[in-house]
Amino acid sequence: MEPIRVAAVQMLSKPGAVEANAGRLIWLMDRAKAQGVHLLCFPEACLTGYRAFSPALIALSPNDPVIAHVEHEAARRHLAICYGYIEQGPGLTYLTQVVTDGEQRLVYRKTHLGHVESAFTAGDELPVAEIAGVVVGVQLCWESHIPDISAVLRAQGAELLLVPYASPKSGENRRCSWNRYLPARATDNGAYVLACNALARNDEGRLQGGGLAAYGPGGAVLNEYYRTDEHMLVCDLDGILPRDLPQNDMRAISYFDRRRPQLYAAALGAGEQAEDPPVS
C-alpha cells in the first residue's frame, strides 16, 4: 500500500436540506484539498441527513442531479470522497455510502440494520474497490461491532476500512466505545481504520455526536478528536501493512493470514448437523 493522506469529518447535516448539505460537503472538500488530503471521509447519510423514521420522505434517487454534482466537484478537485445518503429505489430505501475518486466508484448499502432502522432495506453485498490507490471497504456505524464484516472485506484485499457513523454518543463515551473494538478490527485484519461520526442537535438544541479517529494496522491510535463541533481530522498513513512484512517472527505477524478458514467452516458444519432433529 502506498502512503496516503486521509481526512475524516464530523459535521451537522439537516435532514432533507440536501442542497445546503451538498454545499457544506463541497466547502469541506476545499478545506481538505488545501491540506493535501487524497481521501476524505464524511459521516453516514451526510448528504440527506440521517432519519430513521419515514426516511423515504428525504431519500434521493441514485440518479439525482445533486449526487452527480457532489461527485463532479470532488473529481474536479482530484479528491476521493466517501459520503452517504438515504437512497430511494423501487419500493426500497437504503442507507447508502459511496466511495469514489472520479474513476472508480464503490457503492455500499448497509447490510446490518440497527434496531431503529426497520424502515430501511438491508443490502446484500460487501464490496471493495481500489480508490485513490488504496483498496477500501466500508461498514456503517454499529456494523463495526461485527468482526465478520471486516474479515470479509480484508479477504477481498481491503487495506483501509472506512467506518462512518450517525450516532448520538458523544465525547468520552464515544472514545471509550470506539477504543473497545475498532483497534481489534484494525489488528485482526492488519488494516487501517478511519472512523467519523455525524453531529446532531438534541431536544435542547445542543450539539451531540461527533468523534473522529484513525487507527494503524496494529491497533494504535494515529489521531483522534472527540469534541462536539464541526471538525476535520487529517492523518498520514505510512502504508506499512503486516501482510507486506517478512513473516519470520511474531513482531510483524499478519494474524489474518494465519487463519484456517476450512477448519472453522468444518466446525460450523458439524455444529449445524448436531442441531438437526433426528429423522424418525
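Definitions and limits used
- Residues numbered from 1 in each chain as written.
- Predicted model: local features only at pLDDT ≥ 70, side-chain atom pairs only at ≥ 80, totals over all residues.
- Heavy atoms only, no water.
- Helix = DSSP H or I, 4+ residues; strand = E, 2+ residues; numbered from the N terminus.
- Rg over C-alpha atoms; globule rule 2.2 N^0.38 Å.
- Buried < 20%, exposed > 50% of the residue type's maximum accessible area, 1.4 Å probe, protein only.
- Areas by Shrake-Rupley, 256 points an atom, 1.4 Å probe, with all protein chains shown as cover.
- Lys, Arg positive; Asp, Glu negative; His and termini not counted.
- Salt bridge = Lys/Arg side-chain N within 4 Å of Asp/Glu carboxyl O.
- Polar contact = N/O pair within 3.5 Å; in protein donor to acceptor, adjacent residues only side chain to side chain.
- Contact = heavy atoms within 4.5 Å.
- Pairing = 2+ DSSP bridges.
- Axes fitted to C-alpha atoms, helices over the stretch in contact; angles between N-to-C directions.
- Parallel < 35°, antiparallel > 145°, perpendicular 65-115°, else oblique.
- Expected span 1.5 Å × (residues − 1).

Undergrad: If you had to explain the overall build of the chain to someone new, which residues and values would you point to?
TA: When helices and strands are counted, the chain shows 5 helices and 14 strands. Relative to the 2.2 N^0.38 estimate, which gives 19 Å for 280 residues, the radius of gyration of the chain is 19 Å and therefore close to what a compact globule would have. Structurally, the chain occupies a C-alpha span of about 60 × 55 × 40 Å along its principal axes. With 280 residues in all, the chain has 49% of them scored as buried. Put simply, the chain shows about 13200 Å² of open surface, and 52% of that area lies on carbon and sulfur atoms.

Undergrad: Can you lay out the side chain of Arg185 for me, pointing to particular residues and giving the numbers?
TA: By secondary structure assignment, the location of Arg185 is in helix H4 (residues 171-189). Buried and unpaired, Arg185 has no salt bridge, with Asp188 as the nearest side chain of opposite charge at 4.5 Å. A distance of 3.0 Å separates the side chain of Arg185 from the backbone oxygen of Ser144, its partner in a polar contact. Among all residues touching Arg185, those that are not within four sequence positions of it are Ser144, His145, Pro147, Ser150, Leu161 and Val193.

Undergrad: So what's going on with the sheet that holds strand S2 (residues 39-41)? Which residues, and what values?
TA: Strand order in the open sheet formed by 6 strands is S5-S4-S3-S2-S1-S14, with mixed pairing between adjacent strands. Because the sheet does not close on itself, it has two edges, and the strands there are strand S5 (105-109) and strand S14 (231-237). Each strand of the sheet is rotated relative to its neighbour by a mean of 25°, with strand direction disregarded. As paired strands, S2 and strand S3 (residues 80-88) are joined by 3 bridges and run parallel to one another. Bridge pairing links Leu39 to Ala80 in S3. Against the sheet, helix H2 (residues 65-76) engages S3, strand S4 (93-100) and S5, with an angle of about 175° to S3.

Undergrad: Residues and numbers for the sheet that holds strand S12 (residues 212-215), please.
TA: Reading across from one edge, S6-S7-S8-S9-S12-S13 is the order of the 6 strands in this open sheet, with mixed pairing throughout. Both outer strands of the open sheet, strand S6 (128-131) and strand S13 (221-225), are each paired with one neighbouring strand and no more. Within this sheet the neighbouring strands show an average axis-to-axis angle of 20°, counted without direction. Bridge count for strand S7 (residues 134-138) against strand S8 (residues 160-165) is 3 bridges, and the pairing is parallel. Across the sheet, Gly137 pairs through a bridge with Leu161, a residue of S8. Taken strand by strand, H4 contacts S8, strand S9 (192-197), S12 and S13, and its axis lies near 155° from that of S9.

Undergrad: Talk me through the packing of helix H1 (residues 18-34) against H2; I want residue IDs and the actual numbers.
TA: Angle between the axes and distance between the axes are the two parameters that describe a pair of packed helices. Between H1 and H2, whose axes approach to 10 Å, the crossing angle comes to 10°. Viewed along their axes, H1 and H2 adopt a mutual orientation that is roughly parallel. Facing H1, whose interface residues are Val18, Glu19, Ala22, Leu25, Ile26 and Met29, H2 presents Val66, His69, Val70, Glu73 and Ala74.

Undergrad: So what's going on with the pairing of S5? Residues and values would help.
TA: Residues Leu106 and Tyr108 point to one face of S5 and are all buried, whereas Arg105, Val107 and Arg109, pointing to the other face, are not buried. In terms of strand pairing, S4 meets S5 through 5 bridges, oriented antiparallel. Across the sheet, the residue bridging to Val99 is Leu106, located in S5. Linking S4 to S5, which pair antiparallel, is a turn of 4 residues; within it Gly102 sits at a positive phi near 95°.

Undergrad: Account for H4, naming residues and giving values.
TA: Between the first and last C-alpha of H4 there are 27 Å, a value that for 19 residues agrees with the 27 Å anticipated at 1.5 Å per step. Among the residues of H4, those classed as buried are Gly171, Arg174, Ser177, Trp178, Tyr181, Leu182, Pro183, Arg185, Ala186 and Asn189. In this fold, the buried residues of H4 make contact with helix H3 (147-155), S8, S9, strand S11 (207-209) and S12.

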